[in-house]
Amino acid sequence: MSESPATGQQSQPAAKPRKFQAIKGVRDLLPAETPLWNHVEETAREVFESFGFGEIRIPIFEPTELFARSIGLDTDVVSKEMYTFADRDESMISLRPEATASICRAYIEHGMQSWPAPVKLYFMGPMFRRERPQKGRYRQFYQIDAEVLGGNDAPGIDAEVIEMIMTFFDRLELKGLELDINSIGCRECRPKYVEILRAELLKVKDQLGPDSQRRIETNPLRVLDSKVESEQAVIATLPRMAAHLCAACAEHFAEVKRQLELRGVIYRENWRLVRGLDYYMRTTFEIIAQGLGSQNAVCGGGRYDGLVELLGGPPTKGIGFAIGEDRLILSLQESGKAPAAPGRDVYVAWMGEKAFATAVRAAKDLRAAGFRVELPATERKFGKALEHADKLGSRFALILGEDEVSSGEWTLKTLADGSQAKYTETDLLAYLREATATPATQSGS
Ligand code: AMP
């Protein structure tokens, strides 16, 4: 019991401090995992920049209306999943659930239509959606995203964007991917197809579940991506967009496919791959990865030639995609592709005050030379120090005792085989440079 300084009376026993946990659907990424995340992100930068894309960083939050307008009020993302709050001035703000809307806003805001076209941008970062969490589905998740804005809608742009994604996955050695593509037509041909589809759906209405029945009125295209088992046989008999594309869209789609072949990209045509919103046009695509269970889509994208205009900008061609980084990482982990967590190159084991001064200097020099160095802050007996070095995944232990300091001959122990040798300070650096140029055989842990 403590005494309150103000009253001098005894206060109630302090409540046990609350133990906090991360919010449901939100998680920490720990040092054992982050090397893989960094590897994925560095690879994305390398590959995307090799295709002429530049990085854009967008705000975590935006006016709610930006997402409501671009993603659509009747989508799950906007109607149920956004984290929305009133700011102190009462304006409504949402945490970004995706990147395309913000990137289009930035395109308009910074007058990018006057930049050399097309403008190619990439982005990576966390997104927020209040979904039901499960494996591969989180409330804070990460996307790697790229958009091509402005210029024309040459099929070569669509094909190049898809080639870039496949190059990225290939560089990561992600195997067993399935790329589905489709064309959903344009403002000319799609409305006509949607009416034909609606008429057919009405004929089979009583064979469909409540969601699909509702969509016959609101958004017939969405019936096509229904996963409801009992609807599959009926859906298979419905008319297909490909037969109703206008000549320009049919030609565009044929050329996208020809160019994918030219670029060595293997795809599958999937007539049921659709997008529900009006500004989506022509090319849509999705990539499925192995080992992810039901949440197996790692990338979705498509052409959205009307979006910039919808957000108050000039008529602008656009195509883009979003890769789900969490799922990509899961898939890489499933296939055993995780790089080792960072160990230490050198553990500096020291004993005695004089040795400590030398150890501090040695650690400083080794770090400056680019080595990962652990310098224990308190003295440990050499046996304990070596155990500690081993647990940290160190490759070498530099042993500095009184003898080493006075003789200037430092002992270096290779933890993998226990061998040791003596080096002068200069020789040590040269030896370590050479030894670490070859991949480490991890010792211990
Ligand atoms: P979308 O923006 O909905 O087209 O999603 C693009 C990609 O982001 C999907 O293919 C998934 O890989 C990923 N994704 C979407 N929602 C989530 C989520 N809640 N958790 C993890 N990944 C997600």
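Shown above is the structure to which this text applies.
A few points on the structure.

Conventions and cut-offs
- Residues numbered from 1 in each chain as written.
- Predicted model: local features only at pLDDT ≥ 70, side-chain atom pairs only at ≥ 80, totals over all residues.
- Heavy atoms only, no water.
- Near = heavy atom within 4 Å.
- Polar contact = N/O pair within 3.5 Å; in protein donor to acceptor, adjacent residues only side chain to side chain.
- Areas by Shrake-Rupley, 256 points an atom, 1.4 Å probe, with all protein chains shown as cover.
- Helix = DSSP H or I, 4+ residues; strand = E, 2+ residues; numbered from the N terminus.
- 1 Å grid on protein atoms, 1.4 Å probe; cavity = no way out; pocket = protein on both sides within 12 Å on 5 of 7 lines; lining within 4 Å.
- Points joined across faces, edges and corners; volume = space filled by probe spheres on them.
- Nonpolar A, V, L, I, M, F, W, Y, C, P; charged D, E, K, R; others polar.

Bringing the site of the ligand into the picture now. Surveying the vicinity of the ligand reveals 13 residues, the closest of which are R129, E131, Y138, Q143 and A297. Within the side chain of Q143, a nitrogen or oxygen atom sits 3.0 Å from an oxygen atom of the ligand. A297 places a polar main-chain atom, nitrogen or oxygen, 2.7 Å from an oxygen atom of the ligand. Starting from 490 Å² of accessible surface for the ligand in isolation, the protein chains cover 85%. Among the elements that take part in the shell around the ligand, strand β10 (residues 297–303) stands out by supplying three residues, more than any other.

Here the residue pair A117 and P118 is connected by a cis peptide bond, since its omega of -10° sits within 30 degrees of zero. Here P118 shows up in the loop between α4 (100–109) and β5 (119–128). A positive phi angle, close to 60°, is found at E173, a residue other than glycine. Note that E173 resides in the loop between α5 (155–171) and β7 (178–183). The backbone of R282 sits at a positive phi, close to 50°, despite the residue not being glycine. Relative to the helices and strands, R282 resides in strand β9 (residues 281–288).

Before going further, it helps to spend a moment on empty space enclosed by the protein. Which parts of space are left empty comes out when a probe the size of a water molecule is rolled across the atoms. Counted according to the given criterion, the structure contains two cavities of 30 Å³ or more. Within this model, the second largest cavity holds a volume of roughly 30 Å³. In terms of lining residues, the second largest cavity is bounded by N182, S183, I184, R190, Y193, L221, M241, W271 and V274. Where the lining of the second largest cavity is concerned, the elements lending two or more residues are β7 and α6 (190–203). In terms of residue class, the lining of the second largest cavity is built from six nonpolar, two polar and one charged.

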